[in-house]
Amino acid sequence: MADVEVNGDVNGTVAEGFEPVREAFAANFARLGERGAAVSVYRDGHRVAHLWAGTRDIDGTAPWGPGTAQIVRSATKGVAAAALLLLHQRGELDLDAPVGSYWPEFKAAGKDRTRVWHLLAHRAGVPVLDRPLTPAEAVDPDLGAAAVAAQEPVWEPGTDHGYHAQTYSWLTGELLRRITGRPVGEWVAEQLAGPVGADLWLGLPESERARAGRVGRAETPETEGGLRIRPKRAVAEAYADPDSLTRRAFAAITPLPDENDPGYRAAALPASNGIATADGLARFYAALIGEVDGGTRLFTPDTMELARTERSAGPDRVLVAGTRFGLGYMLHGAASPLLSPGSFGHPGRGGALAFADPESGIAFGYVTNGFRASVTADPRAQALVRAVRTALA
């Protein structure tokens, strides 16, 4: 399929047949208040859409370029999961082993039987910290690891699930460091992003700082498709209650970090502060399910199936909604709609989304500089997913 140049305010190319993605992307700016964003789609390891528009900074006027990167919040979790699964694939990590066999301090406070896979499937029971970390403390991997190792679980590990919004950083980052002896950001750069040629970072290097745009809060439209966008009452109440697991999980770092601060961006928090281009995310997921441009593939078919095999499902004690998780990845469902039942990936709170769909060969990445109140199903990202589905029909 030949690429079709995009005209007007939207820049980039789409392959013939993927024009619905371009149309949906333009509509996000016209109807959903998009300020600056990019989307990239691969099929069978080859790029079929690469689009960008708007401003690189939510509060600026400089145009978004083809290499503009943004912080992607929890979409980072899919990268961290891949790191641990790749260690398993190489025989360096046993998913059924107790976490304490690699990280002895983690056995404290009744966590001695917590399995590695419990961390990845949000079943470890430590989504909160009794004493939240400040932003300065949170970016210190030693302090973060010590805090989560000392934390008493709020449910018996393995018996239930709840989204580990912030603590996932220190759970995954420290486990990788105990096994490899390497900082997680350095390992990801050398073993995941580098071999694939994906523009994504856990710890933004100074040499790439100029590529990253400023992010901020974006106003949520009152309506989308004629329906008012409002959270369910139980969800709203959970976020409003300072003692709920929901509020405490997201407040494990208090106050909230300044996501535009160069120091915060230079740190590596695998739960929340990865920085990537849309193409970097899509290319990374393409490499999880096949060869990219005839080159590198990261996961074997067996590891790919491990990643997307359901390990947690049902009411989520933190998100107060029905969620489904494989090993580190959200799976297609009502709370986080992806392309099809076989898809696996991860959203970033309020905007970003990245996933792979092995059956169709699709890998998808979307980044924005404007974050909304949504956690898992941002209307802008969902419009683009529906457009991909239309293109495949």
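Scroll up a little and you will see the structure.
Let me begin by describing the structure that accompanies this report. Since this is a predicted model, take the numbers as computed values, not measurements. (Residues numbered from 1 in each chain as written. Predicted model: local features only at pLDDT ≥ 70, side-chain atom pairs only at ≥ 80, totals over all residues. Heavy atoms only, no water.)

### What to know about the overall build of the protein chain
Point 1. Check the secondary structure of the protein chain and you find 13 helices and 17 strands.
Point 2. Rg of the C-alpha trace for the protein chain: 19 Å, near the compact-globule value of 21 Å for 393 residues, within the 12% margin.
Point 3. For the protein chain, the C-alpha atoms occupy an extent of roughly 60 × 45 × 40 Å along the three principal directions.
Point 4. Across the 393 residues of the protein chain, 58% fall into the buried class.
Point 5. Taking as baseline every contact in the protein chain between residues at least 6 positions apart, the subset at least 24 positions apart corresponds to 67%.
Point 6. When the accessible area of the protein chain is evaluated, it comes to approximately 15100 Å², of which 49% is carbon and sulfur surface.
Point 7. Side-chain charges in the protein chain split into 40 positive and 47 negative, and the spacing between the mean points of these groups amounts to 4 Å. (Helix = DSSP H or I, 4+ residues; strand = E, 2+ residues; numbered from the N terminus. Rg over C-alpha atoms; globule rule 2.2 N^0.38 Å. Buried < 20%, exposed > 50% of the residue type's maximum accessible area, 1.4 Å probe, protein only. Contact = heavy atoms within 4.5 Å. Areas by Shrake-Rupley, 256 points an atom, 1.4 Å probe, with all protein chains shown as cover. Lys, Arg positive; Asp, Glu negative; His and termini not counted. Charge placed at Lys NZ, Arg CZ, Asp CG, Glu CD.)

### Focus: the side chain of histidine 122
Point 1. Mapping histidine 122 onto the fold places it in the loop between helix H3 (116-120) and helix H4 (135-138).
Point 2. The exposure class of histidine 122 is buried, given its relative accessible area of 0%.
Point 3. Residues in contact with histidine 122, not counting those within four places in the same chain, are Lys77, Trp155, Asp160, His161, Gly162, Tyr163, His164, Tyr168 and Phe325.

### A look at the environment of glycine 342
Point 1. Inspection of the secondary structure assignment puts glycine 342 in the loop between strand E13 (330-331) and strand E14 (344-347).
Point 2. Spatially, the C-alpha atom of glycine 342 lies 6.9 Å from that of proline 358, the residues being 16 residues apart in sequence.
Point 3. Contact partners of glycine 342, with chain neighbours within four places excluded, come to Arg308, Asp357, Pro358 and Glu359.

### Thoughts on the pattern of salt bridges
Point 1. Under the defined criterion, the tally for this structure stands at 21 salt bridges.
Point 2. For arginine 178, the salt bridge is made with glutamate 174, and the minimal N-O distance between the two is 2.6 Å. Linking arginine 178 with glutamate 174, this pair stays in helix H6 (residues 168-180), spanning four residues, or about one helical turn.
Point 3. Across the pair arginine 211 and aspartate 199 runs a salt bridge whose closest N-O atoms are separated by 2.9 Å. With arginine 211 in the loop between strand E6 (200-201) and strand E7 (216-217) and aspartate 199 in the loop between helix H7 (184-196) and E6, this residue pair connects regions lying twelve residues apart in the sequence.
Point 4. Residue classification places aspartate 199 among the partly exposed residues on the basis of a relative accessible area of 30%. (Salt bridge = Lys/Arg side-chain N within 4 Å of Asp/Glu carboxyl O.)

### Focus on the pairing of strand E4 (residues 46-54)
Point 1. Pairing between strand E2 (residues 11-15) and E4: four bridges, direction antiparallel. Across the sheet, residue asparagine 11 finds its bridge partner in E4, namely tryptophan 52.
Point 2. Two elements, strand E3 (residues 36-43) and E4, share eight bridges in a ladder whose sense is antiparallel. Bridging across to E4, glycine 36 finds its partner in glycine 54.
Point 3. Hairpin connection between E3 and E4: a loop of two residues separates the two successive antiparallel strands, and aspartate 44 in this loop has a positive phi of roughly 50°. (Pairing = 2+ DSSP bridges.)

### Re helix H2 (residues 77-89)
Side chains of residues three or four places apart in an α-helix project in the same direction, reflecting 3.6 residues per turn.
Point 1. Relative to the 18 Å expected for 13 residues at 1.5 Å per residue, H2 spans 18 Å between its end C-alpha atoms, a close match to the ideal helical length.
Point 2. Of all 13 residues that make up H2, eleven are buried, and the element is covered over most of its length.
Point 3. Of the positions making up H2, those classed as buried are Lys77, Gly78, Val79, Ala80, Ala81, Ala82, Ala83, Leu84, Leu85, Leu86 and Leu87. (Expected span 1.5 Å × (residues − 1).)

### Notes on the nonpolar core
Point 1. With 86 residues, the main nonpolar core has Leu192, Phe284, Tyr285, Leu288, Phe299, Tyr329 and Phe344 as its most contacted residues.
Point 2. Discounting residues that sit within four places of it in the chain, tyrosine 285 has contacts with Gly78, Tyr329, Phe344, Gly345, His346, Ala354, Phe355, Ala356 and Ala363.
Point 3. Counting residues in hydrophobic clusters, the runner-up holds 27 residues, among them Phe18, Ala24, Val48 and Leu338. (Core = buried A, V, L, I, M, F, W, Y, C linked by side-chain atoms within 4.5 Å.)

### Looking at the side chain of threonine 368
Point 1. Along the chain, the position of threonine 368 falls in strand E16 (residues 362-368).
Point 2. Within the local environment of threonine 368, its side chain forms a polar contact with the backbone nitrogen of glycine 370, the two atoms lying 3.1 Å apart. (Polar contact = N/O pair within 3.5 Å; in protein donor to acceptor, adjacent residues only side chain to side chain.)

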